[in-house]
Amino acid sequence: MQLPAVPGTLAPSLLAIPVALGINAATALADNPLALMLTAVLVLAGLISIIFFVSGGSHFQDPLFCVFVVFSFTSVVDLIISLEEDGYISGFVEVYVREGEPYLRTAHGIMICYWDGIVHYGLYLAMIAAIGQRKSYRNLGLFWLGSLMMSIVVFLLGNLIGKYSSDLSPAFLLNLPYVLIPIWAGGRLFQQPRALPCLSPEKVAKEQSKRLYQRPQDLGLVLVLLLTAAFTFFRGMVVLDCPADSCFEYIYQHEPYLRDPVAYPKVQMLIYMFYVLPFFCLCIYGLVLPGCSWLPDWSLVFAGAVAQAQFSHLGSSLHARTPFPYQTPEDVWWSFLLINLLYALGPQLLAFRCLRCPAFFLPTTPASHRKKHQ
């Protein structure tokens, strides 16, 4: 005899089948990094295809649109990695990080993933929206360029010379596009026309005729940059094992993270010393002498670079994933935070000043020269 069907039992059982299949598929992907990577590529290709058909291909006239879409996808992946490593979520990319890129489990790796998943992701969305509305995104792009290049250069060099150099796998090659594509994207960003303010030659000549003491804001910026340059040189000497007592005291009592064998902080301080320090000197030159038209663009690039670097350095110094002997001592937390925040603030103030009042940095035209002498 056939038993009567119980109402309401068939539908839940049918729903349970796809749910169980989805769970099994997700588990299989998590246990197979290659399958997980291929799935991510397929999802990304599908996303680009949807955008292409919805927009009718109009956005793709700017090739940087594709770059920002792809990198925004990887930013979400980086945010997932950082959240999983800090214990907020679990079961997404644990196998890949453990087997493919274990250096992402360091404090520095977690911090750069947070920055990429939050700040870079926000920049990508803003630039994608600007492309859709046919607006200029040059300034945002230059800030992003400096931030991304600083992040990837420190990360790659730290992996090559730090304690994880023996654990590098073929997955390390996935970082190469983050070097090559931004270089190409940076060339296109610098080629885009700059939005120049509507200023008369007389006003430009008047602004450029002012001495430094007649521009108190610029004088303050010069002093800030001088102090920042001195601190940059000092920390560079610290990581180069300078035998001076002040260097020895600083690295053991104020920033022991500089001794961490992961090598990220050492690489960061050397990049500061050999690249950022000369730029600070050039900035002082550009604030003293008028007509340095290169300064507004490059101030944005270095503002992004220093902002990313200081976020990663501060976060890694205080993160629990950093071994205890290399964490910042609690009795110097406030001075450590204050010094490093002020260090990051200087380039941001410089970029803001260049964007807000660019007349001093505009090239002087022959017409303005004639009018000035007349």
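Residues numbered from 1 in each chain as written. Predicted model: local features only at pLDDT ≥ 70, side-chain atom pairs only at ≥ 80, totals over all residues. Heavy atoms only, no water.

## Focus on the overall build of the chain
- Tallying secondary structure elements over the chain gives 14 helices and zero strands in all.
- Counting from the amino terminus, the chain carries its helices and strands in the arrangement α-α-α-α-α-α-α-α-α-α-α-α-α-α.
- The 374 residues of the chain split such that 43% are buried.
- Considering only residue pairs separated by 6 or more positions, the chain has 77% of its internal contacts joining residues 24 or more positions apart.
- Carbon together with sulfur atoms contributes 70% to the accessible area of the chain, which is approximately 19700 Å² in total. (Helix = DSSP H or I, 4+ residues; strand = E, 2+ residues; numbered from the N terminus. Buried < 20%, exposed > 50% of the residue type's maximum accessible area, 1.4 Å probe, protein only. Contact = heavy atoms within 4.5 Å. Areas by Shrake-Rupley, 256 points an atom, 1.4 Å probe, with all protein chains shown as cover.)

## Regarding the nonpolar core
- Of all hydrophobic cores here, the largest spans 43 residues; its most connected members are Phe68, Tyr137, Trp144 and Phe155.
- For this core, the secondary-structure elements that each account for two or more residues are α3 (64-85), α4 (94-99), α5 (107-132), α6 (138-161), α7 (177-191) and α12 (295-318).
- Here this core gets nine residues from one element, more than from any other, and that element is α5.
- Every residue in contact with Tyr137, bar those within four places of it in the chain, is listed here: Asp62, Leu64, Phe68, Met127, Ala130, Ile131, Leu189 and Gln192.
- Core analysis: the second largest hydrophobic core is formed by 35 residues, Leu212, Leu258, Met269 and Tyr272 among them. (Core = buried A, V, L, I, M, F, W, Y, C linked by side-chain atoms within 4.5 Å.)

## Notes on the confidence of the model for the chain
- Per-residue confidence for the chain averages 84 on the pLDDT scale, and 81% of its residues sit at or above 70.
- Here residues 1-30 is modelled with pLDDT under 50, and outside its nearest four sequence neighbours on either side it reaches six contacts, counting other chains as well.
- Note that pLDDT drops below 50 for residues 367-374; the model gives that stretch four contacts with residues more than four away or on any other chain. (pLDDT = per-residue confidence, 0-100.)

## A word on the layout of surface pockets
- Here the second largest pocket is characterised by a volume of approximately 400 Å³.
- Mapped onto the lining of the second largest pocket, the elements with two or more residues apiece are α6, α7, α11 (264-288) and α12. (1 Å grid on protein atoms, 1.4 Å probe; cavity = no way out; pocket = protein on both sides within 12 Å on 5 of 7 lines; lining within 4 Å. Points joined across faces, edges and corners; volume = space filled by probe spheres on them.)

## Thoughts on the side chain of Gln310
- Along the chain, Gln310 falls in helix α12.
- A relative accessible area of 1% means that Gln310 is categorised as buried.
- Excluding residues within four positions of it along the chain, Gln310 makes contact with Arg235, Tyr272, Asn340, Tyr343 and Ala344.

## With respect to the side chain of Gln208
- Checked against the element boundaries, Gln208 lands in helix α8 (residues 201-208).
- A polar side-chain atom of Gln208 sits 3.2 Å from the main-chain carbonyl oxygen of Ala359.
- Separated by 2.5 Å, the side chain of Gln208 and the backbone oxygen of Leu362 make a polar contact. (Polar contact = N/O pair within 3.5 Å; in protein donor to acceptor, adjacent residues only side chain to side chain.)

## Comments concerning the pattern of salt bridges
- In the structure shown here, the tally under the stated rule is nine salt bridges.
- Between Glu94 and Arg98 there is a salt bridge, with the nearest N and O atoms lying 3.6 Å from each other. Of the two residues, Glu94 and Arg98 both sit in helix α4, four residues apart, roughly one turn of that helix.
- By relative accessible area, Glu94 is classed as partly exposed at 40%.
- Judged by its relative accessible area of 38%, Arg98 falls in the partly exposed class. (Salt bridge = Lys/Arg side-chain N within 4 Å of Asp/Glu carboxyl O.)

## So, unusual backbone geometry
- Of note in the backbone geometry, Asp241 takes a positive phi value of approximately 60° without being a glycine.
- The topology assignment puts Asp241 in the loop between α9 (216-239) and α10 (245-253).
- On the basis of relative accessibility, which here comes to 61%, the residue Asp241 falls in the exposed class.

## What to know about α3
- In this model α3 runs 31 Å from its N-terminal to its C-terminal C-alpha over 22 residues, within 8% of the 32 Å that 1.5 Å per residue would give.
- Looking one or two residues beyond α3, the residue adopting positive phi is Gly87, at roughly 85°. (Expected span 1.5 Å × (residues − 1).)

## A few points about α8
- The set of residues buried in α8 consists of Val204, Ala205 and Gln208. The buried residues of α8 occupy one face: seen down the axis, they fall within an arc of 95°. Every exposed residue of α8 that faces more than 90 degrees away from the buried side is listed here: Lys203 and Lys206. (Arc of directions from axis to C-beta.)

## Quick word on empty space enclosed by the protein
- Taken as a whole and assessed by the stated rule, the structure comprises one cavity of 30 Å³ or more.
- For the largest cavity, the calculated volume is near 40 Å³.
- The wall of the largest cavity is formed by His108, Val154, Tyr257, Tyr264, Pro265, Gln268, Ala309, Ser312 and His313.
- Only α11 and α12 provide two or more residues apiece to the lining of the largest cavity.
- Split by residue class, the lining of the largest cavity holds five nonpolar, four polar and no charged. (Nonpolar A, V, L, I, M, F, W, Y, C, P; charged D, E, K, R; others polar.)

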